[in-house]
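What follows is the residue order along each chain.
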Amino acid sequence: FEIVVVLDNCIDDTKEKLSTISSKINIIEHCGIDLFWAGGMLYGFQNAVVGKVYEYLICVNDDIKLDFEKTKSELNNYFKRMSNSGSAFVGSFRNQAHFTSYGALMNVSKVHPLKLRQIGPNEDQFVHTFNMNFVILPIELISKVGFLSKQYSHSKADLDLGYRIKEANFQIIKSTEHLGSCERNLPIASPCYDKTNLIKGLQCLNHPLCEPIKERWIFLRYHGTPGFRLVHLLMPYIIFVPRFWFYKMMKFFR
């Protein structure tokens, strides 16, 4: 196996710490416009994976805490059952309250591809897409579906990949246990409510780490339902306006 780490405009001592762990870690440094999560993953893929012979690509996010024994057991079962099948594997994670926080997702709306619900490892539900906190992708799958799309800088890239995998008639299977813990991030619009005025709040909402309207439109164009795309495109911005003023009002009267 090979471990690949992308350092995107990194100014701390991460590189030195990685070097003390192992000299065999492939460290790829990038300087310039921020890649964000999806861009960083794709940058690493293009610079360290493309052109190499391998069987599986394991994508791991840095915010998870793995239970190594459970993970080892789940991976052994996956490799035994799914060899040569081209099925993707998604690891489930729980929060401190022991509820599923990240992992497999099912679509709960026939017309809205972003109406998704987390599926627990014990739930017998159909998997439509996934959070990419821990995902295994076989080479047969990647050769036909590809990797993350360059059209997304941060969010929705993993959701898009999951949908593309299903559309290509590959199976997505989830772990039968939680592989470890991972706390949910705050709602993406949370920092935007603290902006000094509505214009700055909407600009914040359009940031790559939040809800960039261009990338949202690309996602809905590929996976959305005709006739509903425009409504689903604008909905986060429409909802944001009254919530922004309500937040300011509540803060004023405290």
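From a predicted model like this one, the values you see are computed outputs, not experimental measurements.

Turning to the side chain of Thr129, a few remarks are in order. You can see Thr129 is positioned in strand 9 (residues 129–130). According to the relative accessible area criterion, Thr129 is buried, its value standing at 0%. One polar contact links the side chain of Thr129 to the main-chain carbonyl oxygen of Leu159, over a distance of 2.9 Å. Here Thr129 is in contact with Ala104, Leu105, Leu116, Asp158, Leu159, Gly162, Tyr163 and Ile172, once residues within four sequence places are set aside.

All right, on to the nonpolar core then. Leu57, Phe130, Met132, Leu137, Phe147, Leu161 and Ile165 are the most contacted members of the largest nonpolar core, which has 34 residues in total. Broken down by secondary-structure element, the contributors of at least two residues to this core are helix 2 (36–48), strand 3 (56–60), strand 5 (88–94), strand 7 (104–107), strand 10 (134–138), helix 4 (139–145), helix 5 (157–167) and helix 7 (213–223). The element best represented in this core is helix 5, accounting for five residues. Beyond its immediate sequence surroundings of up to four residues, Leu161 is in contact with Phe130, Met132, Leu137, Val145, Gly146, Phe147 and Leu148.

The next subject is the pairing of strand 10. Taken residue by residue, a regular strand's side chains alternate between the two faces of the sheet. With five of its five residues buried, strand 10 lies for the most part within the structure. What you see with strand 10 is no split at all: Phe134, Ile136 and Pro138 on one side and Val135 and Leu137 on the other are buried throughout. Judged from the five bridges that link them, strand 3 and strand 10 form a sheet pairing that is antiparallel. Each residue of the ladder has a partner; that of Tyr56, found in strand 10, is Pro138. In this structure, strand 5 lies alongside strand 10, joined through two bridges in antiparallel fashion. Counted as the bridge partner of Phe89 is Ile136 from strand 10.

Moving on, we come to unusual backbone geometry. Here the phi dihedral of His98 falls at roughly 70 degrees; this positive angle occurs in a residue that is not glycine. With relative accessibility at 54%, the residue His98 sits in the exposed group. One non-glycine residue, Lys156, adopts positive backbone phi at about 75 degrees. Mapped onto the fold, Lys156 is located in the loop between helix 4 and helix 5.

Working definition: two side chains of opposite charge can pair if their charged atoms are close together. What the rule picks out here adds up to ten salt bridges. Lys72 serves as the salt-bridge partner of Glu69, at 3.8 Å between the closest nitrogen and oxygen. Linking Glu69 with Lys72, this pair stays in helix 3 (residues 68–82), spanning three residues, or about one helical turn. Look at Glu69 and you get exposed, because its relative accessible area is 54%. A salt bridge links Asp160 to Arg164, with the shortest nitrogen-to-oxygen separation between them at 2.9 Å. Pair noted here: Asp160 and Arg164 are both in helix 5, with a separation of four residues, about one helical turn. Both residues of the pair, Asp160 and Arg164, count as buried. When salt bridges with common partners are traced through the structure, they connect Lys156, Glu211 and Arg216 into a single cluster.

On to the state of the cysteines. All chains considered together, the criterion is met by one disulfide. Between the sulfur of Cys192 and that of Cys204 lies a disulfide, 2.2 Å long from S to S. Around the S-S axis, the bridge from Cys192 to Cys204 shows a dihedral of about -75 degrees and counts as left-handed. Of this pair, Cys192 sits in the loop between strand 11 (172–181) and helix 6 (198–205) while Cys204 is found in helix 6, placing the two residues twelve residues apart along the sequence. Exposure remark for Cys204: the relative accessible area of 12% places this residue in the buried category.

What follows concerns a nonpolar patch on the surface. A surface patch of nonpolar side chains, amounting to about 550 Å² of accessible area, comprises Ile213, Leu230, Val231, Leu234, Met235, Ile238 and Ile239. Here the nonpolar patch gets six residues from one element, more than from any other, and that element is helix 8 (residues 229–252). Topologically, Leu230 is positioned in helix 8.

Procedures and definitions
Residues numbered from 1 in each chain as written. Predicted model: local features only at pLDDT ≥ 70, side-chain atom pairs only at ≥ 80, totals over all residues. Heavy atoms only, no water. Helix = DSSP H or I, 4+ residues; strand = E, 2+ residues; numbered from the N terminus. Buried < 20%, exposed > 50% of the residue type's maximum accessible area, 1.4 Å probe, protein only. Polar contact = N/O pair within 3.5 Å; in protein donor to acceptor, adjacent residues only side chain to side chain. Contact = heavy atoms within 4.5 Å. Core = buried A, V, L, I, M, F, W, Y, C linked by side-chain atoms within 4.5 Å. Pairing = 2+ DSSP bridges. Salt bridge = Lys/Arg side-chain N within 4 Å of Asp/Glu carboxyl O. Disulfide = S-S within 2.5 Å. Patch = residues over 30% accessible without salt bridge, like charges linked within 9 Å, V, L, I, M, F, W, Y side chains within 5 Å. Areas by Shrake-Rupley, 256 points an atom, 1.4 Å probe, with all protein chains shown as cover.

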